[in-house]
Amino acid sequence: MGTSVQVTPLCGVYNENPLSYLVSIDGFSFLIDCGWNDHFDPSLLQPLSRVASTVDAVLLSYPDTLHLGALPYAMKQFGLSAPVYTTEPVHRLGLLTMYDHYLSRKQVSEFDLFTLDDIDAAFQNVTRLTYSQNYHLSDKGEGIVIAPHVSGHLLGGTVWKITKDGEDVIYAVDFNHRKERHLNGTVLESFVRPAVLITDAYNALNNQPPRRQRDHEFLDAIVKTLRADGKVLLPVDTAGRVLELILILEQHWAQHHLTYPIFFLTYVSSSTIDYVKSFLEWMNDSIAKSFEHTRDNAFLLRHVSLLINKSELEKVPEGPKIVLASMASLEAGFSHDIFAEWATDPKNLVLFTERGQFATLARMLQADPPPKAVKVTLSKRVPLVGEELAAYEEEQNRKKEEALKASQNKEEEVKLSQGSDPNLGDPMVIDSRENNALTAGGTCVGGHKDIFIDGFISPSTSVAPMFPFFESSAAWDDFGEVINPDDYMIKEENMQLSSMQGGDLNGKLDEGSAGLMLDTTPSKVVSTELTVQVKCSLIYMDFEGRSDGRSIKSILAHVAPLKLVLVHGSAEATEHLKQHCSKHVCQHVYAPQIGESIDVTSDLCAYKVQLSEKLMSNVLFKKLGDYEIAWVDAEVGKTESDMLSLLPLSTEPPAHKSVLVGDIKMAEIKQFLASKGIQAEFSAGALRCGDQQIVIEGPLSEEYYKIRDYLYSQFYLL
């Protein structure tokens, strides 16, 4: 049999819930994506809690909560300790996304599902890979190779390719085949006939307008609102699709010399843009080339101002403006509060660029547009004062006293348990059994780590009492004193302390965000329920950056996997794509339920064989680009070590038909013939060269053979 592959969905099938899937390859368990929604509902993670301790590796695809939001909680509560693999942008921007969500929640509630320390711990030991980098796993994963590939959609987004014994398992969700302003399209179409393809049905029923038409309608709606003295709110994610929107607005404002202010408001906005500026190599080719030739950074923003606090926005003079604020769901964050303020004015516009998550305020508004009344809860954190502050301080003091008493009781218990030793408990006696003497401060001198505890006794060999002293007997060689490299290593705990003191993300976390994180002022949350009369305009335009239904079907037909697993999408979309793929893509199409484990092991049989020296000495290789290929005619035998081996045929090998190897595009053929002085056009499936039309069945002529030779020269003849 082939490589054993089992797929078990943990969340995100037959619905639009977060994505999380367990993929087992020959007993090695991958957790691919570890998502959560903006409600942070723990009940969604119950299937993950049951298998978290068995996971051997975690693969992350995108830097948003739907793909990595549950990682800190799972590591803290479920014992998930497997190594994590992802790309550099997903690691950095995913960390900022979780910071933004935590700070947004903490400012309006007593959020305690995870802390900033939990977020840091989850992202601390992540292995970052570059696109197309083959990473060989070891130990239990020996023989398995993982590689991230371009998926589009979000910066650093990944199509995962997992290879074992020559068979590929491809995980490709939320991909986008279109090239955008800051991202290249996916390379999914470059994979042909993988053993297993896991993909989503999220957009299977949706079709998109042409990009130029969509961008024109988007900008037209915004500019009309601004010219009517209105304000525009764009609820966005923290560090994902908002980057594409920022570039669209930047370019349009520069081309048309507009002066309306644009603000990007999240708790980590400046840190986000700082990092994005350094990720140009992960973006599309035009951005990278532009930077190489002109040193012009596309994210050196001239028209978009970065804000990290709503109070900064309130200082801006009244008038038309655009605010891109997190969160896209309107469940929390700055967008929630700004919506409550601006929704009552008919001149204003709330423009959604992605579908709201299920059961969120954004989804409700999209499903049932205004005018209507909605209930919202406005919350804010205020410092404790007066009696509340006194009560809080009294409670903290009580807790400190209890902790001190517990510590003293524990010390007394230890002393009682050690009472049988007369020397123990005497503060003037140092245990002579200790090999290493003690020096003040716990410093490390000559390999000794020492500390004084209350006193000392003088050694019997000393003339008078003295402090411990160790004479350094350094070793010398021909080059001088022999040193111990460990003495010059920076200890891990010192590294962690330095990173905490210097700020997160190599100092790129802005001071305002850092101040919020380090703020320990006693405070409480005050909430007010309001009924908001929604009178503003509300528009939804698809800027999600995902391939539409028609493109998905075309790509899947081209990839033609041996087995296809469908996940993440509404029940209607999943069934629609399943029926289509069963007819037009492959026979084996699966759409498992939550917790249902399906076996998608390949039906192919794979064997390892050895090529004998006798066989290889008679093989004629021909160069094919950077490779050499050859026909091999052999028979299977066994070596002395009982291993399968290919041996030369005992009879005359059969004749082979010529095979053309290569991939020539029609445009390249036309260009090549033009270089040979032949004007060529393709029309109705035929090649028209000059006055003649060359088809598969047609009159033979010298011109025909001449053109055929030209075309054959572009292939490799084997």
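That block above? That's the structure.
First, a word on what this report is: a plain description of the structure on this page. (Residues numbered from 1 in each chain as written. Predicted model: local features only at pLDDT ≥ 70, side-chain atom pairs only at ≥ 80, totals over all residues. Heavy atoms only, no water.)

Moving on, we get to the sheet that holds strand β11 (residues 196–200). Ordered by their spatial adjacency, seven strands build an open sheet running β7-β8-β9-β10-β11-β24-β25, and the pairing between neighbours is mixed. If you trace the sheet from one side to the other, it starts and ends with β7 (135–136) and β25 (588–590), each paired once. In this structure, strand β24 (residues 563–567) lies alongside β25, joined through three bridges in parallel fashion. Bridge assignment links Leu564 to a residue of β25, and that residue is Val589. Against the sheet, helix α17 (residues 571–584) contacts β11, β24 and β25, and its axis sits at roughly 170° relative to β24. (Pairing = 2+ DSSP bridges. Helix = DSSP H or I, 4+ residues; strand = E, 2+ residues; numbered from the N terminus. Contact = heavy atoms within 4.5 Å. Axes fitted to C-alpha atoms, helices over the stretch in contact; angles between N-to-C directions.)

Our next topic: the sheet that holds strand β1 (residues 5–11). Backbone hydrogen bonds are what pair the strands of a sheet, in a parallel or an antiparallel way. Within the open sheet, the seven strands sit side by side as β6-β5-β4-β3-β2-β1-β26. Their pairing is mixed. The two strands at the open ends of the sheet, each matched to only one other strand, are β6 (126–129) and β26 (598–599). In this sheet, strand β3 (residues 28–34) lies alongside strand β2 (residues 20–25) in antiparallel orientation, the contact comprising six bridges. Bridge pairing links Ile25 to Phe28 in β3. Taken strand by strand, helix α4 (residues 88–106) contacts β5 (84–87) and β6, and its axis lies near 100° from that of β5.

We now examine the packing of helix α16 (residues 549–559) against α17. Where α16 meets α17, the closest approach of the two axes is 11 Å, and the angle between their N-to-C directions is 35°. Where α16 crosses over α17, the handedness of that crossing is right-handed. Where α16 approaches α17, its residues Ile552, Lys553, Leu556 and Ala557 are matched on the opposing element by His576, Leu577, His580, Cys581 and His584. Residues that form the contact of α16 with α17 fall into these classes: five nonpolar, three polar and one charged. (Left-handed = near helix turned anticlockwise from the far one by under 90°. Nonpolar A, V, L, I, M, F, W, Y, C, P; charged D, E, K, R; others polar.)

Attention now goes to the layout of surface pockets. The space that makes up the largest pocket amounts to roughly 1,300 Å³. What lines the largest pocket is a set of 43 residues, and nearest its centre among them are Lys106, Gln107, Val108, Lys380 and Arg381. Looking at the lining of the largest pocket, the elements with two or more residues in it are α4, α10 (310–314), α11 (334–342), β17 (372–383), α15 (511–518) and β22 (523–534). Class assignment of the residues belonging to the lining of the largest pocket gives a composition of 17 nonpolar, 14 polar and 12 charged. (1 Å grid on protein atoms, 1.4 Å probe; cavity = no way out; pocket = protein on both sides within 12 Å on 5 of 7 lines; lining within 4 Å. Points joined across faces, edges and corners; volume = space filled by probe spheres on them.)

In this section: the packing of α4 against helix α8 (residues 269–277). How two helices sit against one another is set out by the angle between their axes and by the gap between those axes. Interhelical geometry of α4 versus α8 gives an angle of 175° and a closest axis separation of 10 Å. With respect to α8, the element α4 is oriented roughly antiparallel. Across from Arg92, Leu93 and Leu96 in α4, the residues of α8 making contact are Ser271, Thr272, Tyr275 and Val276. Of the residues assigned to the contact of α4 with α8, the class counts are four nonpolar, two polar and one charged. (Parallel < 35°, antiparallel > 145°, perpendicular 65-115°, else oblique.)

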